[in-house]
Amino acid sequence: MEQKENRVVLRGTAAGEATLSHQVHGLDFYRFPLSVPRLSGREDRLNILLPAPPEGKALPQPGDYLEVTGEVRSFNNRSGVGSRLVITVLARSVLPGVGEPCNQVWLRGTLCKPPILRRTPLGRDICDLLLAVNRRYRRADYLPCIAWGRLAQECGEMTTGDPLWLNGRLQSRTYLKNLGETSETRTAYEFSVSACERVPEFAIF
C-alpha cells in the first residue's frame, strides 16, 4: 500500500468567486469554495487556496468543473469570527476536471491526543482523532479526523505518539453555535477515515 505524507485529489465544481486571501513574499494567494458531491447526494464544500496564476492564465470561475491536487493545511483563526480551526487545501495543480467527482486524501502523521471513542444516539461507534502531519520548515498541520464502526473501535485502541497512515476524504458539516443571546451557523471541516494503519516511527519535528 502506497503511503503518502499529505496528498489530496478533488474533482468538483467551483461554487464561488476566487477572492484574494493573503500575500506571502509578494505572491498573492486566492481562495474559492469547491463543491464535491457525495454518493448520498449531499455535498462537501471545501476551501481551496491557490497562488495567483501566471500572466495570461485566468482564475477558476464559478461553475467550472475542476480537478485539484495539493495538500491539506490548517491554521488557528484568532479573529474571534467563525470557526477556530480553519482547514484548507493548498492547490499545487488546478486543471479542467475529467471523470466522476473525487474526494481522496492520504495522510501520514502522528496521533497527538488520546483518541475519543463514543457512541451515537443510534448506537453507532465513532472515534475522534487529532493527527499532526509534518511539513517543511519544522511546522505541522493539526487535522481533526473521525472514524466510524469497527474502524472506530480499532482507532480507539491507539495511543498518543502512534505514527499513523490514513486514507479517506475531507468533509464539511454545518452546525449551530450558541453565542449567548444569539446563535450563528458555522461550518466544521474534518477528515473522514476509511483506512488506518500504524507505520514505522518517524520524527514529526
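Owing to the predicted nature of the structure, the values given are computational and were not obtained by experimental measurement.

A. Structural detail: the overall build of the protein chain. Tallying secondary structure elements over the protein chain gives one helix and twelve strands in all. Ordered by position from N to C terminus, the α and β elements of the protein chain give β-β-β-β-β-β-β-β-β-β-α-β-β. What you see for the protein chain is a C-alpha radius of gyration of 18 Å, in line with the 17 Å of a compact globule of 205 residues. Taking the principal axes of its C-alpha atoms as reference, the protein chain extends roughly 55 × 45 × 35 Å. Partitioning the contacts of the protein chain with sequence separation of at least 6, the portion at a separation of at least 24 is 61%. Split by element, the accessible area of the protein chain, about 11900 Å² in all, is 51% carbon and sulfur. Charged side chains of the protein chain number 27 positive and 22 negative; the gap between the two group centres comes to 3 Å.

B. Molecular detail of the pattern of salt bridges. Under the criterion given, the structure shown has 14 salt bridges. Note that glutamate 67 and arginine 11 form a salt bridge whose closest N and O atoms lie 2.8 Å from each other. Placement of the pair is glutamate 67 in strand β5 (residues 65–76) and arginine 11 in strand β1 (residues 6–14), with a sequence separation of 56 residues. Residue glutamate 67 is classed as partly exposed on the basis of its relative accessible area of 21%. One salt bridge in this structure joins arginine 135 and aspartate 141, with 2.6 Å as the shortest N-O distance. For aspartate 141, a relative accessible area of 0% corresponds to the buried category. Counted as one network, the salt bridges with shared partners bring together Glu71, Arg73, Arg92, Arg135 and Asp141.

C. View of the side chain of serine 74. With respect to the helices and strands, the residue serine 74 is situated in strand β5. A polar atom in the side chain of serine 74 sits 3.0 Å from the backbone nitrogen of tyrosine 142. Residues in contact with serine 74, not counting those within four places in the same chain, are Leu85, Val86, Ile87, Arg135, Asp141, Tyr142 and Leu143.

D. Focus on the side chain of arginine 73. When you line up the elements, arginine 73 lands in strand β5. Side chain to side chain, arginine 73 and glutamate 71 meet in a polar contact 2.7 Å long.

E. Structural context of the environment of asparagine 6. Note that asparagine 6 resides in strand β1. Among the residues examined, asparagine 6 registers a relative accessible area of 11% and is labelled buried. Along the primary structure asparagine 6 and glycine 156 are separated by 150 residues, whereas in three dimensions their C-alpha atoms are 23 Å apart. Those residues in contact with asparagine 6, other than ones at most four positions away along the chain, are Gly70, Glu71, Val72, Arg73, Trp106, Leu107 and Val133. There is a polar contact of 2.9 Å between the side chain of asparagine 6 and the backbone nitrogen of valine 72.

F. Seen up close, the pairing of strand β4 (residues 43–51). For strand β3 (residues 27–37) and β4, the ladder comprises nine bridges, and the chain directions are antiparallel. Paired with arginine 31 across the strands is leucine 49, a residue of β4. In textbook terms, the turn of a hairpin is the stretch between consecutive antiparallel strands, and for β3 and β4 this stretch comprises five residues, one of which, glycine 41, has a positive phi near 100°.

Here is what the cut-offs are and how they apply
- Residues numbered from 1 in each chain as written.
- Predicted model: local features only at pLDDT ≥ 70, side-chain atom pairs only at ≥ 80, totals over all residues.
- Heavy atoms only, no water.
- Helix = DSSP H or I, 4+ residues; strand = E, 2+ residues; numbered from the N terminus.
- Rg over C-alpha atoms; globule rule 2.2 N^0.38 Å.
- Contact = heavy atoms within 4.5 Å.
- Areas by Shrake-Rupley, 256 points an atom, 1.4 Å probe, with all protein chains shown as cover.
- Lys, Arg positive; Asp, Glu negative; His and termini not counted.
- Charge placed at Lys NZ, Arg CZ, Asp CG, Glu CD.
- Salt bridge = Lys/Arg side-chain N within 4 Å of Asp/Glu carboxyl O.
- Buried < 20%, exposed > 50% of the residue type's maximum accessible area, 1.4 Å probe, protein only.
- Polar contact = N/O pair within 3.5 Å; in protein donor to acceptor, adjacent residues only side chain to side chain.
- Pairing = 2+ DSSP bridges.

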